[in-house]
Amino acid sequence: MKYGHFPLAEAEGTILAHSIRLSSGRLSKGDVVTRREVERLEAEFVETVVAVRLDPEDLLEDQAAEAIAGAIAPDGLRFSAATTGRVNVYAKENGLFVADKAVVDRLNRIDPAITLATVADHAAVRAGDMVATVKIIPLAVPGLKVQEAVELLRNATPFEVKPFRPHAVTLIATELPSLKTSVMDRTAKLLEQRLAPSGSRLVREIRIPHNADRLTEVLTELHLGDSSDPAMVIIFGASAVADPQDVIPDAIRRAGGEVEQVGMPVDPGNLLVLGWMGDVPVLGAPGCARSPKENGFDWVLNRLLAGEVPTSYDITGMGVGGLLMEIPTRPRPRDLAEKTPAVASVAAVLLAAGQARRMGSDGQHKLLAEFEGVPLVRRSAQTLLSSQVSPVVAVTGHRQEEVEAALAGLDLTTAHNPDFPSGMASSLVTGFSHPAVAESDGVLVMLADMPGVTAEHIRMLISAFRDAEGRAVVRAVSNGKRGNPIILPRATYGAVLRLEGDVGARAIIETSGLPVVDVEIGPAAHLDVDTPEAVTAAGGVLGA
C-alpha cells in the first residue's frame, strides 16, 4: 500500500485518506476516486489528494476487520457489522468475561495496523455489553498480516464470556446484640440483587448467634442437594474475620469442609474467606459486601457463579487492580460503531415509596390525593402506560398496601422497597434491579407526585432519547432549569445500582461523561406536590 499526495492525473483508483469539502458536496474518507471525482476536483482547482493506492494483496479496513473478527469463536458473543475498520463484540448473555492476555498480546504484535482491545479480564458483563473491539488503523492492511491474525485466532481463544449459572444460595448470618436487624435485612436484599444477573436465588436465610459451635452445627445439618441448581453457601459474620482460626474458617473446618483462602489483596474485600463443603463453595463475606459498591467479594462470587473454581493462587494474584476504595467506577459509553437499535426500548421506574414527611402529622398521603377523582399515584402510572414506555415498574414503600391498592388493575409491576426510609437511592436500586428494566436501552425515572406531567411530555423525552440513539441522558427542563422526569441510558445502570442514601441520579448525570439532552416541557418539570397546600393548589383533593 502506498500512502501520500497524489496529483490528480494519478489519483484515479486511489482511496481518500481524508475527507474533502467541495462546493458541490463532500468526498468522504475511504471513498474510491473515480473519473467523475477527478473531474469534480479539477473543476474546483484541487491539484492533489491525500490517498492510498492498494497493492494487489492488500485488504480494505472493513474486509480485514471482518476477517479477523470472524476467526473468533462466536459462542456467547455477538458481532457488529464492520464500519470504519471496526467490529465491536458484545456479550449475548450475562456472564464473566475471561481473556487470554498472551493471545491478545500476540495478535496486537502481528502488525501495528491490527488491534484488539477488550474489557478487563474476569469482568462481570451483562447481555448487550460491549466486551471487545477489533480495529484496523489504516485504510488497508497487507493480506498476509490479516491471514496471520486469522490463523492465530482459529487456534487459540483470545476471550470468551462464560455464562453465569443459576445457583441455589443459602445465606447464614451471625448475630451480635450490637448488629441491627435492619442491617441484616438490607444485607439479604443486596445479596439478592448481586445474584439476580445469574438467575440465582436465595433459597433460605438462617440467622444464628456469632459463635463457631452454632455455625458448625448449621453447616453440618444443611441439606444442600435440595435443588436442581448447584448449591452455594454465603456467610455474613456479625464480626469481621481477624484470624484464620476465627469463627467462620474454624466452623467450616469443624463441619468437615476445607478452607481454601482467608484474606485477599483487594481493598475493599480484604477479609474474605473461601472454603468448600465437598463441591459446594462456602464464602465468608467481608463486611464491605453489605454495601452495593464493587469489592473483592464480587470478584470471587462472580467466578463461582460462572462455574470457575478459584484457588488460593488465583485469589492472591488479584492485587494488581485490586485497589478499589479510591477508584470511582464510571459508566463507559464507548460504543461508537454499533448503534442502539433505531427504536430504542425505554422502561419506566415510578418512584412511589417516599414517606411524604412534609404532608404533616395527620396521616394525609399526597400520592393518595385525588385529581379528577383518581389517586395521584394511579394518575401518574396511567400517564406512563399511555405513552411509549414498557414495562412500568412502580416502587412502593411507605403505606405500601394503600399505594398498591391504588395501582390495582393496571398493566404494571410493583416492587416493594423495604429500605425506603434510607432515601431515594434504595428505591432507584430496587427499580433498576428488576430484570425487565435491566434489559431496556433506557429507563425513564418519574416521581409519582408530579401531576403536571403528561403522556405527551413522556413521548417528547422518548423521542429525544431515540434521536440520540440511546447514548445520552435526557432530562425534562422548564425555562432551561433542570427538572423531572429523566431518561438514563444503559451505560449508567451500574452506577445507579451503587447509589446509597437520600440521593438521586444527579451525580451520575454530572460524572458519566455522557451528553445530556434537555427537553423543554414547561412548568410541569418542576411541579411536585410535597405539602397539603401544594396538592390543593395543583387541583388535588386530600383524603386520609
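In case you missed it, the structure is sitting above this.
Conventions we followed
- Residues numbered from 1 in each chain as written.
- Predicted model: local features only at pLDDT ≥ 70, side-chain atom pairs only at ≥ 80, totals over all residues.
- Heavy atoms only, no water.
- Helix = DSSP H or I, 4+ residues; strand = E, 2+ residues; numbered from the N terminus.
- Contact = heavy atoms within 4.5 Å.
- Areas by Shrake-Rupley, 256 points an atom, 1.4 Å probe, with all protein chains shown as cover.
- Lys, Arg positive; Asp, Glu negative; His and termini not counted.
- Charge placed at Lys NZ, Arg CZ, Asp CG, Glu CD.
- Phe/Tyr/Trp six-rings, centres within 6.5 Å; stacked < 30°, edge-to-face > 60°.
- Buried < 20%, exposed > 50% of the residue type's maximum accessible area, 1.4 Å probe, protein only.
- Lys NZ or Arg CZ within 6 Å of the ring centre and 35° of its normal.
- Pairing = 2+ DSSP bridges.
- Axes fitted to C-alpha atoms, helices over the stretch in contact; angles between N-to-C directions.

Participant: Sorry, what's going on with the overall build of the protein chain here?
Facilitator: Helix and strand counts for the protein chain come out as 18 helices and 29 strands. Once the C-alpha set of the protein chain is aligned to its principal axes, its extents read approximately 85 × 65 × 40 Å. Here the analysis covers contacts within the protein chain between residues at least 6 apart in sequence; of these, 71% occur between residues at least 24 apart. In the structure as shown, the protein chain presents an accessible area of about 24,600 Å², 51% of it carried by carbon and sulfur atoms. Each charge sign in the protein chain was given a centre, from 52 positive and 69 negative side chains, and these centres are 3 Å apart.

Participant: What is the right way to read the packing of aromatic side chains from this model?
Facilitator: Centre distance and the angle of the planes are the two values used to describe a pair of aromatic rings. Enumeration according to the criterion identifies 3 aromatic pairs in this entry. Taking 5.5 Å as the distance between ring centres and 35° as the angle between the ring planes, the aromatic pair formed by Phe97 and Phe159 counts as tilted. A residue pair is termed long-range when its members are at least 10 positions apart, and Phe97 in strand E9 (residues 95-99) and Phe159 in strand E14 (residues 159-163) qualify at 62 residues. There is no split in this pair, since Phe97 and Phe159 are both buried. Above the face of the Tyr90 ring, Arg78 is positioned so that its terminal group lies 4.4 Å from the ring centre.

Participant: Whenever I open this one, the environment of Ala81 confuses me. Can you help?
Facilitator: Following the sequence through the fold, Ala81 ends up in the loop between strand E7 (77-79) and strand E8 (86-91). Between the C-alpha atom of Ala81 and that of Pro7, which follows or precedes it by 74 residues, the distance is 34 Å.

Participant: Is there a simple way to think about the sheet that holds E8 in this case?
Facilitator: Two strands in a sheet stick together by hydrogen bonds in their backbones, pointing the same way (parallel) or opposite ways (antiparallel). Spatial strand order, E7-E8-E12-E10: 4 strands in an open sheet with antiparallel pairing. The open sheet is flanked by E7 and strand E10 (114-118), the only strands paired with a single partner. Between one strand axis and the next, the sheet turns by 15° as a mean value, whatever way the strands run. Both E10 and strand E12 (residues 130-136) contribute to a ladder of 5 bridges, which runs antiparallel. What sits directly across from Ile114, in E12, is Ile136. The strands touched by helix H3 (residues 61-70) within the sheet are E7, E8, E10 and E12, with E12 carrying the most contacts at an inclination of about 135°.

Any functional reading would require information that these geometric values do not contain.
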